[in-house]
Amino acid sequence: MADNQTLAMRVSEISDPAVLFERHNTEQIRRIERKIRGEIEQKKEELRQMVGERYRDLIDAADTIGEMRQCSESVVQFIQDLHQYCHRLKQGRPVQSTRDQSPGLWKEKFYTMAAQIKLLLEIPERIWSAMEASQYLQATQLYLLCCHLHALLQLDATAGGHYTPVLARFPILVRQVSTTGHFRSTILLDSKSLLQGRAVSDQAIAEALVSTMLLEDSSPRQALAGFLLARKASIHKLLNQPQHGTGIKAQVCSLVELLVTTLFQAYAVFYLPPEGSPKPGEGTLSCGLLFSILEDVTSTTPAARGRRVLHEEMSTGSWFKYLPPSITEFQPVLRTLAQPIQTEQLRDALQQWIDTCREDICRGVGGLLVYVKSLKGLAAIRDAVWDLLSTDSISQHWSTVCQRLLDRPLAVWNDFLQQLFLQRLQTITKEETGAISATSVQLLVSVLRDLEVQTSHTSPGSNPGSGCGSQFEVDVASFLWSESPGDLPGDAGWVSVAQRGQRHHGSSLAMKTQALTPCVQSFCSSMDAKLKARLDDLQCYLPSQVTGSSSGAKENSSASTSGRFTDSPAVEEALREGCVLCTRHILSAVRHQLDTTSPEPSPAVLSSVLFMGRLCQSVGQLCPSLKICILGKQNGSEVTANGTPRQGRKQGKGRAVVDVSPAQAQWAGLKAELLSCSMEAYRIWSSALSKMLLDNFGTALRAESAGAILTTATNWEDLEIQEEAESGNSVTSKIRLPVQPSWYVQSLLFQLCVQVNRVGGHALPPPTLQELLQACLAQALHHYHSLMGQTVGTEGAFPMTQNRALQQLFDLRYLNSTLGCRAEEVKSSRSHRDPRFHQICDWLETFIDPFDLDVFTPPLNANLNRLSQRTSVLLGLLTGSEKPLTLRSSSNNSQEPFNILPLSNNQIRFGLLPLSMSNVRKSKSASRSSDAVHQLRF
């Protein structure tokens, strides 16, 4: 159907070829082309047939018309002769024959006429030669001389339409008269086209304008209007020329050059200094060329005889002496009075032209800059424009010309181009950062899909080598404890820490200490590389930071004075906004993924949740280009050089609050958003993990059968105690107390420790780890609280005996000491003990004999303290490095010489590695151990 409509299209219906290319494909356009060419050949054949059939009739008609014209001319000639003869008879004078005149006078008149005719025949050739040499003023003078010769020889046709006697006797002049009639339009057309050129001298412009004034009898103000219209047409031509064959940089530079040249030539051609002003000295710009040339051409003073039209030809030919003085001293005459243009009129005309051109330039250059796809190309165009404006020929006199013509300075870059370039820069930056965010979101979705597939296919017998990056995300511990050639740089053995640069901080071992998996590193490196490319592209548009060389200093100083980089803050703000929007778009995608997993995520998606948490946590560190893009290159390097935030806090304790720039506030807000999203992901993981582990714990805790309870029982120890009887004698008795928690308690803590270390627990944020422990403790207390109701209200359940109550009390205290809040959190009142803990303890103590409870409490606390110290290294991050420890000498009731590995009181990277303490810290450990005993006693 579309092909039939295409073939039915007529040539007259094709109004715009661009629309044709938009509506049809290549094959349809070729069919239309073949159809149009066929119609053209058909029309040509019809024209040949018509001409062939009518050619004979046309020849006959032409012959008849020629005969009629000859007959009419002869009749007219006879009537004119008869009229002259009758006129002479009426005056009473006899008709004198030319033979009666003196031979000398007749000969002189003949030579005069012959010289005029010869000059008339030579003038067209000289006019063409002058036009070929672009000497339009000389061509105009020759044309006006030719018109003067026509008037002298009376070559113009009479009112009756017949030829003059000269034309009748010299038929060759008939063709000459018709030829000279076309010179006026040709000279005017070429003169006006010369005005559109930007590489034309001031003298040539002035002569072309004088030629136009002489041919059109126009005034200087009309000449100024024509000059400005020609330059406006030249600007439109530059803006609308095809893109192929020339670069955008060349077009914009040509446009600026044309604009600047127009003002310079307007000054040189039309401007006249006010009366009484001093004459310009040497080295200054010339002005008033139009009026000086016009005076030279039209002046009739004796001083202007050397500038006559035929002054140079007077000595070249002998026949020139027969020309009359009216020809040899011919000078063109301007019918209108050439009054100088007033300064106000000149300023208003130029200002109106500048305002009109500003709209056209903004629209045209804005359309050209659409084809510039990089900031480097945009900077190249800007630098080319500034190099053009900074040349000596322009910068030396530009301010003077603008002040005299416009009575104000005119900044071409600021008034015409700066906003256009800034808008294009903002558009490019927005598009590029949008592309970065889109590709980053696609990469995020792809990684999450791979993680889900890897998690669903992970089994004990699966091949660990398949999907190594995804496997490391599922099991971060395998990544942390694996060895690779890039763990340490080759020079790490002999390069001191102070001399290590960014390369050492980005080594594989440094990444492992922060639990930054390969997927996180790959995502951040991809994003950082794209942002760095944007940053490098932007640096081409900003001033260079290198000031070592003299040439660089000169360039920077000139740039600062001329205002080339006045829009640098806006440029950096555009990149800052683009990067912030890019990061927030990625954050929104992460939040969307997190929303789909909550509130009850499956175990298969926890790896994805942790990946997103680690990603948001490490973007600010692994993407240094993001910080530089937001803070700026100089501020970003200063922030990096100032050290870590901890050092900054130490140094700034005694100082006043430092003013924060908007960029720093924006960067701080973005880091807060990243941290908030990271904490949300960790919160989802910790909530799911605690629920999964505590469900099994609750099932084992609420076991009702005696066999199930015995299955979870552990080791108890026999202790001999001495008591004083009523008779005063010492009585030795043996008691049994638990020394280990129940198996399900140990399994809970061990599985929790395994899961925390499996995800790189040493790099987890402390609030996340604390929330995990608090959630586990809270759910454990919930299960114990539910046990109270089960024991009280359920018939047939296994009774709560004293031994079971002792074991449950030991388990509960051990869980509370291990998972409870840290000492500094209690002191700072950031966390409060759960009141259910005291309720459950009181409830369990009701099943124990009060006398036995008093006897059991000291050794039970000792067992609990010893157990906490023994398992502190095994549980690692669950206990924390700040847990209180007790040395052997501080234990009063302990009889066995057990060994305890003291931990460092400072936070370390690997919580499972024991470090020996110095002698200076023993007193601190002893003081903390006393606090621990107090805590175990509630």
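Residues numbered from 1 in each chain as written. Predicted model: local features only at pLDDT ≥ 70, side-chain atom pairs only at ≥ 80, totals over all residues. Heavy atoms only, no water.

1. What to know about the overall build of the chain
And then number 1: The helix and strand tally for the chain stands at 38 helices and two strands.
And then number 2: Out of the 938 residues belonging to the chain, those deemed buried represent 40%.
And then number 3: Look at the contacts in the chain between residues 6 or more apart in sequence, and 77% of them connect residues 24 or more apart.
And then number 4: Accessible surface computed for the chain: about 52100 Å², of which carbon and sulfur atoms make up 54%. (Helix = DSSP H or I, 4+ residues; strand = E, 2+ residues; numbered from the N terminus. Buried < 20%, exposed > 50% of the residue type's maximum accessible area, 1.4 Å probe, protein only. Contact = heavy atoms within 4.5 Å. Areas by Shrake-Rupley, 256 points an atom, 1.4 Å probe, with all protein chains shown as cover.)

2. Observations concerning the pattern of salt bridges
And then number 1: Scanning the model with the defined rule gives 21 salt bridges in all.
And then number 2: For arginine 358, the salt bridge identified is with aspartate 355, shortest N-O distance 3.0 Å. Of this pair, arginine 358 and aspartate 355 both sit in helix α14 (residues 343–369), separated by three residues, roughly a single helical turn.
And then number 3: Classification of arginine 358 by relative accessible area gives partly exposed; the value is 22%.
And then number 4: According to the relative accessible area criterion, aspartate 355 is partly exposed, its value standing at 32%.
And then number 5: We note a salt bridge from glutamate 771 to arginine 683, for which the minimum N-O separation is 3.7 Å. Here glutamate 771, found in helix α33 (residues 766–793), pairs with arginine 683, found in helix α30 (residues 662–701); they are 88 residues apart in sequence, far enough to count as distant.
And then number 6: Here the residues in one salt-bridge network are Arg382, Asp383, Asp387 and Arg564, joined through shared partners. (Salt bridge = Lys/Arg side-chain N within 4 Å of Asp/Glu carboxyl O.)

3. With respect to the packing of aromatic side chains
And then number 1: Summed over all chains, the structure comprises nine aromatic pairs.
And then number 2: Ring geometry for tryptophan 413 against phenylalanine 421: centres 4.9 Å apart, planes inclined by 55°, an arrangement best described as tilted.
And then number 3: Take tryptophan 413: its relative accessible area is 1%, and that puts it in the buried class.
And then number 4: Its relative accessible area of 0% is what places phenylalanine 421 among the buried residues. (Phe/Tyr/Trp six-rings, centres within 6.5 Å; stacked < 30°, edge-to-face > 60°.)

4. So, helix α15 (residues 375–389)
And then number 1: Here α15 contains 15 residues, and its C-alpha end-to-end distance of 21 Å stays within 8% of the 21 Å for a straight helix at 1.5 Å per residue.
And then number 2: Restricting attention to buried positions, one finds in α15 the residues Leu375, Leu378, Ala379, Ile381, Arg382, Ala384, Val385, Trp386, Leu388 and Leu389. (Expected span 1.5 Å × (residues − 1).)

5. Examining unusual backbone geometry
And then number 1: A positive phi angle, near 60°, is found at serine 134, a position not held by glycine.
And then number 2: Among the secondary structure elements, serine 134 is positioned in the loop between α4 (103–132) and α5 (136–153).
And then number 3: Residue classification places serine 134 among the partly exposed positions, given a relative accessible area of 37%.
And then number 4: In this model, aspartate 407 sits at a positive phi of 60°, which is unusual for a non-glycine residue.
And then number 5: When you line up the elements, aspartate 407 lands in the loop between α17 (398–406) and α18 (412–457).

6. Looking at a nonpolar patch on the surface
And then number 1: Among the surface-exposed residues, Leu47, Met50, Val51, Tyr55, Leu58 and Ile59 lie close enough to one another that they form a single nonpolar patch of about 580 Å² accessible area.
And then number 2: Within the secondary structure, tyrosine 55 sits in helix α3 (residues 26–91). (Patch = residues over 30% accessible without salt bridge, like charges linked within 9 Å, V, L, I, M, F, W, Y side chains within 5 Å.)

7. Re the nonpolar core
And then number 1: Core analysis: the biggest nonpolar cluster contains 208 residues, and Phe270, Leu417, Phe611, Trp685, Phe697 and Leu752 have the highest contact counts within it.
And then number 2: Among the nonpolar cores identified, the runner-up in size contains six residues, and Phe472, Phe479, Leu480 and Ala763 belong to it. (Core = buried A, V, L, I, M, F, W, Y, C linked by side-chain atoms within 4.5 Å.)

8. Examining the confidence of the model for the chain
And then number 1: Taken as a whole, the chain shows an average pLDDT of 77; of its residues, 74% reach a score of 70 or greater.
And then number 2: A low-confidence stretch, residues 546–561 (pLDDT under 50), is modelled with six contacts involving residues beyond four sequence positions or located in other chains. (pLDDT = per-residue confidence, 0-100.)

9. Things to note about the pairing of strand β2 (residues 730–738)
And then number 1: As paired elements, strand β1 (residues 716–724) and β2 share nine bridges and run antiparallel to each other. Looking across to β2, one finds that glutamate 720 is bridged to lysine 734.
And then number 2: The turn linking β1 back onto β2 is made up of five residues, and glycine 728 within it adopts a positive phi angle of 95°. (Pairing = 2+ DSSP bridges.)

10. Side note on the packing of α30 against helix α32 (residues 743–758)
And then number 1: Two numbers describe how α30 lies on α32: the axes approach to 10 Å, and their chain directions differ by 160°. Here α30 is positioned roughly antiparallel relative to α32, judged by the angle of their axes. Every pair of crossing elements has a handedness; the one defined by α30 and α32 is right-handed. Residues Trp685, Leu689, Leu693, Leu694, Phe697, Ala700 and Leu701 of α30 form the contact with α32, whose participating residues are Tyr744, Val745, Leu748, Gln751, Leu752, Gln755 and Val756.
And then number 2: Across the contact of α30 with α32, the residue classes break down as twelve nonpolar, two polar and no charged. (Axes fitted to C-alpha atoms, helices over the stretch in contact; angles between N-to-C directions. Parallel < 35°, antiparallel > 145°, perpendicular 65-115°, else oblique. Left-handed = near helix turned anticlockwise from the far one by under 90°. Nonpolar A, V, L, I, M, F, W, Y, C, P; charged D, E, K, R; others polar.)

11. Things to note about the side chain of threonine 140
And then number 1: Relative to the helices and strands, threonine 140 is located in helix α5.
And then number 2: Overall, threonine 140 belongs to the buried group, its relative accessible area being 0%.
And then number 3: Within the structure, threonine 140 has its side chain in polar contact with the backbone oxygen of tyrosine 136 (distance 2.7 Å).
And then number 4: If we skip the residues at most four places from it in the chain, threonine 140 touches Ile187, Ser211, Leu214 and Leu215. (Polar contact = N/O pair within 3.5 Å; in protein donor to acceptor, adjacent residues only side chain to side chain.)

12. A word on the packing of helix α10 (residues 220–240) against helix α11 (residues 248–270)
And then number 1: Running from N to C, α10 and α11 point in directions that differ by 175°, and their axes come no closer than 10 Å. Comparing the axis directions of α10 and α11 gives the class roughly antiparallel. Listed contacts from α11 to Pro220, Ala223, Leu224, Phe227, Leu228, Arg231, Ser234, Ile235, Leu238 and Leu239 of α10 are Gln251, Ser254, Leu255, Leu258, Thr261, Thr262, Gln265, Ala266 and Phe270.
And then number 2: Looking at side-chain class alone, the contact of α10 with α11 contains twelve nonpolar, six polar and one charged residues.

13. Quick look at the environment of isoleucine 709
And then number 1: The residue isoleucine 709 is located in helix α31 (residues 706–711) in this model.
And then number 2: Placed 33 residues apart in sequence, isoleucine 709 and serine 742 show a C-alpha to C-alpha distance of 9.4 Å.

14. A closer look at the environment of alanine 250
And then number 1: Mapped onto the elements of the fold, alanine 250 is located in helix α11.
And then number 2: Remark: the alpha-carbon pair of alanine 250 and isoleucine 381, spanning 131 residues in sequence, is separated by 8.3 Å.

15. Side note on the state of the cysteines
The term disulfide refers to a covalent linkage connecting the sulfur atoms of a pair of cysteines.
And then number 1: Under the criterion given, the structure shown has zero disulfides.
And then number 2: The structure places no disulfide on cysteine 146, whose sulfur is separated from the nearest cysteine sulfur, that of cysteine 147, by 5.9 Å. (Disulfide = S-S within 2.5 Å.)

16. Section: the side chain of glutamine 808
And then number 1: With respect to the helices and strands, glutamine 808 occurs in helix α34 (residues 802–819).
And then number 2: Those residues in contact with glutamine 808 that lie beyond four places of it in its chain are Leu701, Tyr744, Tyr784, Leu787 and Leu844.

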